[in-house]
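Now for the letters of each chain:
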Amino acid sequence: MMFGDLESHPLYGVPTLILVSAKDRDEMAYASAGIIAHNMVLAAENKGLGACYLFGAAAALAAHPETIVKLDLPTGFLPVCGVGVGETEEELTIRDQKMNQIGINEI
Ligand SMILES: Cc1cc2nc3c(=O)[nH]c(=O)nc-3n(C[C@H](O)[C@H](O)[C@H](O)COP(=O)(O)O)c2cc1C
């Protein structure tokens, strides 16, 4: 799966990359990590900072054990997802969310 602008640097030059790591490699661990990352994005944007999910770069780290070692994570933990955070000149505005982007079945 590909994300974002492939012409850009995968981290877009963000000053801060926050990695969320998990020990278990199952759906619950991935979902929990995603919820944590999402809360970070909301908190960052609430403070007027720019934030972007950087899950692709976090997942790619798994192929670089020499870099994983430098993260000094507890035994067995691996990065699951990432959030790039930094000051932005972009004006953060409330967008009109198209409800047809998400399928909903009312029962
Ligand atoms: C689960 C998830 C993972 C994402 N991973 C990346 C990523 O690795 N790199 C990236 O540039 N953007 C990533 N994004 C951000 C999306 O590319 C997109 O910018 C963001 O979801 C906002 O989309 P929208 O403007 O269409 O609402 C990710 C988004 C989600 C929901």
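Residues numbered from 1 in each chain as written. Predicted model: local features only at pLDDT ≥ 70, side-chain atom pairs only at ≥ 80, totals over all residues.

S.K.: Which residues make up the nonpolar core, and what values go with them?
M.R.: Buried together is how nonpolar side chains tend to be arranged in soluble globular proteins. Among the nonpolar cores identified, the biggest contains 13 residues, and Ala58 and Cys81 are the most heavily contacted of them. Only helix H1 (27–46), helix H2 (55–60) and strand S3 (78–86) provide two or more residues apiece to this core. Counting residues per element, this core draws most heavily on S3, which supplies four residues. Ala58 has contacts with Leu19, Pro79, Val80, Cys81 and Gly82, leaving out every residue within four places of it along the chain. (Core = buried A, V, L, I, M, F, W, Y, C linked by C-beta atoms within 7 Å. Buried ≥ 20, exposed ≤ 12 C-beta atoms within 10 Å, placed from the backbone. Helix = DSSP H or I, 4+ residues; strand = E, 2+ residues; numbered from the N terminus. Contact = placed C-beta atoms within 7 Å.)

S.K.: Outline H1, supporting the account with residue identities and numerical values.
M.R.: Counted at 1.5 Å a residue, the expected span for H1 with its 20 residues is 28 Å, and the 28 Å between its end C-alpha atoms agrees. For H1, the set of buried residues is Ala33, Ala37 and Ala44. Buried positions in H1, seen along its axis, are confined to an arc of 35° and lie on one side of it. Exposed residues pointing more than 90 degrees away from the buried face of H1 are listed as Glu27, Met28, Ala31, Ile35, Asn39, Leu42 and Asn46. Where H1 is buried, its residues meet strand S1 (16–22), strand S2 (50–53) and S3. The positive-phi residue at the C-terminal boundary of H1 is Gly48, with phi of around 85°. (Expected span 1.5 Å × (residues − 1). Arc of directions from axis to C-beta.)

S.K.: Describe in detail the pairing of S3, supporting the description with residues and values.
M.R.: By the criterion of burial, S3 is predominantly enclosed, with seven of the nine residues buried. As defined by bridge partners, S1 adjoins S3 across seven bridges and the pair is classed as antiparallel. Note on S3: the bridge partner recorded for Val20 is Cys81. Sheet analysis places S2 next to S3, joined by four bridges and oriented antiparallel. Looking at S3, one finds that Cys52 is bridged to Gly84. (Pairing = 2+ DSSP bridges.)

S.K.: Could you give me a rundown of the environment of Ala29, with the residues and numbers involved?
M.R.: Structurally, the position occupied by Ala29 is in helix H1. Taking the number of C-beta atoms within 10 Å as the measure of exposure, Ala29 has 15 and is therefore partly exposed. Sequence-wise, Ala29 and His9 are 20 residues apart; in three dimensions their C-alpha atoms are separated by 28 Å. Apart from the residues lying within four places of it in its own chain, the contact partners of Ala29 are Ala22, Asp24 and Val80.

Remember, this is a structural readout, not a statement about activity or role.
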